[in-house]
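# Inside the fold
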Amino acid sequence: MTEDNAEKRTPRDIRTLDSGALRALAHPVRVRLYDILSQQGPQTASSLAAMTGDSSGSTSYHLRALAKHDLIREIPDRGTARERWWERPTGGVSFPGADTMRTPAGRAATQVVMGEFLDRRHEQLMRFVESTLREELDPWAENALITSATVSLTVEQLREVNARIQRVIDDVVDEYRVDPDPGPNSSSEHRIVSLRAEAFPITTESD
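Residues numbered from 1 in each chain as written. Predicted model: local features only at pLDDT ≥ 70, side-chain atom pairs only at ≥ 80, totals over all residues. Heavy atoms only, no water.

## As for the overall build of the protein
- On a plain count of helices and strands, the protein comes out with seven helices and six strands.
- Each helix (α) and strand (β) of the protein, taken in turn from the N terminus, gives the series β-β-α-α-β-α-α-β-β-β-α-α-α.
- Counting only residues that meet the buried cut, the protein has 29% of its 207 residues in that class.
- Taking the intrachain contacts of the protein between residues at least 6 apart in sequence as the baseline, contacts between residues at least 24 apart amount to 66%. (Helix = DSSP H or I, 4+ residues; strand = E, 2+ residues; numbered from the N terminus. Buried < 20%, exposed > 50% of the residue type's maximum accessible area, 1.4 Å probe, protein only. Contact = heavy atoms within 4.5 Å.)

Written as structure tokens, this is what we have:
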């Protein structure tokens, strides 16, 4: 599984999380904070508390735990001693790594993190679908894409298909990045757009 933040990156900027970092991330609140920083950019403990419904003390604790493993970092020239700003470093992360999958603890941490990320993506997708069905289609809804297909592939073909899909996503991420301030002369609204691709073998009832 690969997760990108909103900033421009190069293909070399992919960090495979080791078992320590993955275990530090393996908490529902930390996954949520990490994902918000990835999607919406720098935040404070207070702003994250307002988004999540947790206390600022709780978010501060979890932010420090993430920072210990360089999953996030403090922005030194922004904020004050009482109001610290945090960001996710530029680049993507990939997990699980080979070392992580060698131990039961590593596999359990991977399951927690992947489950939380996928739950959040599904929640975001369902919120979009539900809001779209309640209202008339706007240009954003008209240009959204929700699609699925079924094909028969060998393992080698699946590997190649996934590589082709990842290259397309990499090209788009390299070309576009979230700009929270499009400038006074911009005539276009910028919104955070989730890019998601899925390709996996279907388990039949006889398996």
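## Thoughts on the packing of aromatic side chains
- One pass over the structure, following the stated rule, counts two aromatic pairs.
- Aromatic pair Tyr-34 and Phe-117: ring centres 6.3 Å apart, planes at 70 degrees, arrangement edge-to-face. Of the two residues, Tyr-34 sits in helix 2 (residues 28-40) while Phe-117 sits in helix 5 (residues 104-134), which places them 83 residues apart along the sequence. Assigned by exposure class, Tyr-34 and Phe-117 land together as buried.
- Ring pairs connect the aromatic residues Tyr-34, Phe-95 and Phe-117, which therefore count as one cluster.
- The ring centre of Trp-85 lies 3.7 Å from the NZ or CZ of Arg-78, which sits over that ring. (Phe/Tyr/Trp six-rings, centres within 6.5 Å; stacked < 30°, edge-to-face > 60°. Lys NZ or Arg CZ within 6 Å of the ring centre and 35° of its normal.)

## With respect to helix 7 (residues 155-175)
- Taking 1.5 Å per residue, 21 residues should reach 30 Å; helix 7 reaches 30 Å between its end C-alpha atoms and fits that length.
- Buried within helix 7 are the following residues: Ile-169, Asp-170, Val-173 and Asp-174. An end-on view of helix 7 places all buried positions within 130 degrees of arc, on one side of the element. Exposed and facing more than 90 degrees away from the buried side of helix 7 are Val-168, Asp-171 and Glu-175. (Expected span 1.5 Å × (residues − 1). Arc of directions from axis to C-beta.)

## Quick look at the packing of helix 2 against helix 3 (residues 45-52)
- Look at helix 2 against helix 3: their axes get within 11 Å of each other, and the N-to-C directions meet at 105 degrees. Classified by the interaxial angle, the pair formed by helix 2 and helix 3 is roughly perpendicular. Only Leu-48, Met-51 and Thr-52 of helix 3 make contact with helix 2, whose side of the interface consists of Arg-32, Leu-33, Ile-36 and Gln-40.
- For the contact of helix 2 with helix 3, the class distribution of residues is four nonpolar, two polar and one charged. (Axes fitted to C-alpha atoms, helices over the stretch in contact; angles between N-to-C directions. Parallel < 35°, antiparallel > 145°, perpendicular 65-115°, else oblique. Nonpolar A, V, L, I, M, F, W, Y, C, P; charged D, E, K, R; others polar.)

## Considering the environment of Arg-15
- You can see Arg-15 is positioned in strand 2 (residues 14-16).
- Relative accessible area serves as the criterion here: at 29%, Arg-15 is assigned to the partly exposed category.
- Distance from Arg-15 to Val-93, taken between C-alpha atoms, is 4.6 Å for residues 78 residues apart in sequence.
- Beyond its immediate stretch of four places on either side in the chain, Arg-15 contacts Ala-21, His-69, Asp-70, Leu-71, Gly-92, Val-93 and Ser-94.
- Within polar-contact distance, the side chain of Arg-15 engages the backbone oxygen of His-69 at 2.9 Å. (Polar contact = N/O pair within 3.5 Å; in protein donor to acceptor, adjacent residues only side chain to side chain.)

## A look at the pairing of strand 4 (residues 73-79)
- The pairing of strand 4 with strand 5 (residues 84-87) spans three bridges and is classified as antiparallel. Following the sheet pairing, Glu-74 is matched in strand 5 by Trp-86. (Pairing = 2+ DSSP bridges.)

## Comments concerning a nonpolar patch on the surface
- Residues Trp-140, Val-168, Val-172, Tyr-176, Val-193 and Leu-195 make up a contiguous nonpolar surface patch of about 570 Å² in total accessible area.
- Looking at the secondary structure, you find Leu-195 in the segment after helix 7.
- For Leu-195, a relative accessible area of 48% puts it in the partly exposed group. (Patch = residues over 30% accessible without salt bridge, like charges linked within 9 Å, V, L, I, M, F, W, Y side chains within 5 Å. Areas by Shrake-Rupley, 256 points an atom, 1.4 Å probe, with all protein chains shown as cover. Salt bridge = Lys/Arg side-chain N within 4 Å of Asp/Glu carboxyl O.)

## Let's talk about the nonpolar core
- Core analysis: the largest hydrophobic core is formed by 22 residues, its most contacted members being Leu-17, Leu-25, Tyr-34, Leu-63, Leu-71, Ile-72 and Phe-117.
- Contributing elements (two or more residues each) for this core: helix 1 (19-25), helix 2, helix 3, helix 4 (56-68) and helix 5.
- In this structure Tyr-34 touches Leu-25, Leu-66, Leu-71, Ile-72, Arg-88, Val-93 and Phe-117, once residues within four positions along its chain are discounted. (Core = buried A, V, L, I, M, F, W, Y, C linked by side-chain atoms within 4.5 Å.)

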